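Spelled out, the chains give:
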Amino acid sequence: MVWTSNHLIGEEMTEQISEHPLVYDLARKTMQIVPFVMRFMTAEMRGGDDRLQSGHMAIMGMLQYRPHMLSELAQRLSVGLATMSSTVTTLESRGWVERERSQDDRRIVWIRLTDLGEAVLEEGQREVAQRIAAVFSGMSAEEQLRLESGLNTLADAFETFMQRAADPADTS
């Protein structure tokens, strides 16, 4: 068995991978490019104490869809509760998130994005998108279309895998 982000890949799938060198090569290239892209995206996010940082962006990106409990955020981002609590406290002090005690169960505290946090996140996402667009603008139209197709294929492959991992009974 091979361990991957909270899921086991069975021996059968491991054998399939070893039988297809191209699949393994694609996996290695993906593992190389993702950290490189992440470093590129966060290069300008470093700076003053009041700037949005990559870790903040990941948390706030999750919160833009729905409130989360501290433990959910920590688990999804693979950090300890103390680390997540400290980061959320920083975001809260900047007015970007707020903690709200559940009315149904007073033991539960929800972390939610504030209006200011949403605006800061949108600005950060726009800045990152502009940086990436500058890289892609140097590509030909044909290269851009191939990249778009490849990114769509990559996203679809991961989405399909994650759906199957979430529902092991699904064999489609």
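Everything below is about the structure shown above.
Residues numbered from 1 in each chain as written. Predicted model: local features only at pLDDT ≥ 70, side-chain atom pairs only at ≥ 80, totals over all residues. Heavy atoms only, no water.

Some remarks on a nonpolar patch on the surface
(1) Moving on: Where nonpolar side chains cluster on the molecular surface, the patch consists of I33, V34, F36, V37 and M38 and spans about 420 Å² of accessible area.
(2) Moving on: With respect to the secondary-structure elements, V37 resides in helix α2 (residues 21–42). (Patch = residues over 30% accessible without salt bridge, like charges linked within 9 Å, V, L, I, M, F, W, Y side chains within 5 Å. Areas by Shrake-Rupley, 256 points an atom, 1.4 Å probe, with all protein chains shown as cover. Salt bridge = Lys/Arg side-chain N within 4 Å of Asp/Glu carboxyl O. Helix = DSSP H or I, 4+ residues; strand = E, 2+ residues; numbered from the N terminus.)

Overview of helix α5 (residues 81–93)
(1) Moving on: Helix length check: α5, at 13 residues, gives a terminal C-alpha distance of 18 Å against a target of 18 Å (1.5 Å per residue), a fit within 8%.
(2) Moving on: Among the residues making up α5, those that are buried are M84, V88 and L91. The arc enclosing the buried residues of α5, seen along the axis, measures out at 55°, which places them on a common side. Turned more than 90 degrees away from the buried face of α5 sit A82 and S93, all of them exposed.
(3) Moving on: Looking at the buried residues of α5, the elements they touch are α3 (54–63), α4 (70–76), β4 (97–101) and β5 (109–113).
(4) Moving on: Where α5 ends, the next residue or the one after it, G95, has phi of about 80°, a positive value. (Expected span 1.5 Å × (residues − 1). Buried < 20%, exposed > 50% of the residue type's maximum accessible area, 1.4 Å probe, protein only. Arc of directions from axis to C-beta. Contact = heavy atoms within 4.5 Å.)

Considerations on the nonpolar core
(1) Moving on: Of all hydrophobic cores here, the largest spans 19 residues; its most connected members are M60, L63, L73, M84, V88 and V97.
(2) Moving on: Those elements that provide at least two residues to this core are α3, α4, α5, β5 and α6 (115–136).
(3) Moving on: Per-element accounting of this core gives the leading share, five residues, to α3.
(4) Moving on: Not counting chain neighbours up to four residues away, the residues in contact with V88 comprise L70, L73, V97, R99 and I111. (Core = buried A, V, L, I, M, F, W, Y, C linked by side-chain atoms within 4.5 Å.)

What to know about the pattern of salt bridges
(1) Moving on: The tally for this structure, following the rule as stated, stands at eight salt bridges.
(2) Moving on: For R112, the salt bridge goes to E100, with nearest N and O atoms at 3.7 Å. Of this pair, R112 sits in strand β5 while E100 sits in strand β4, placing them 12 residues apart in sequence.

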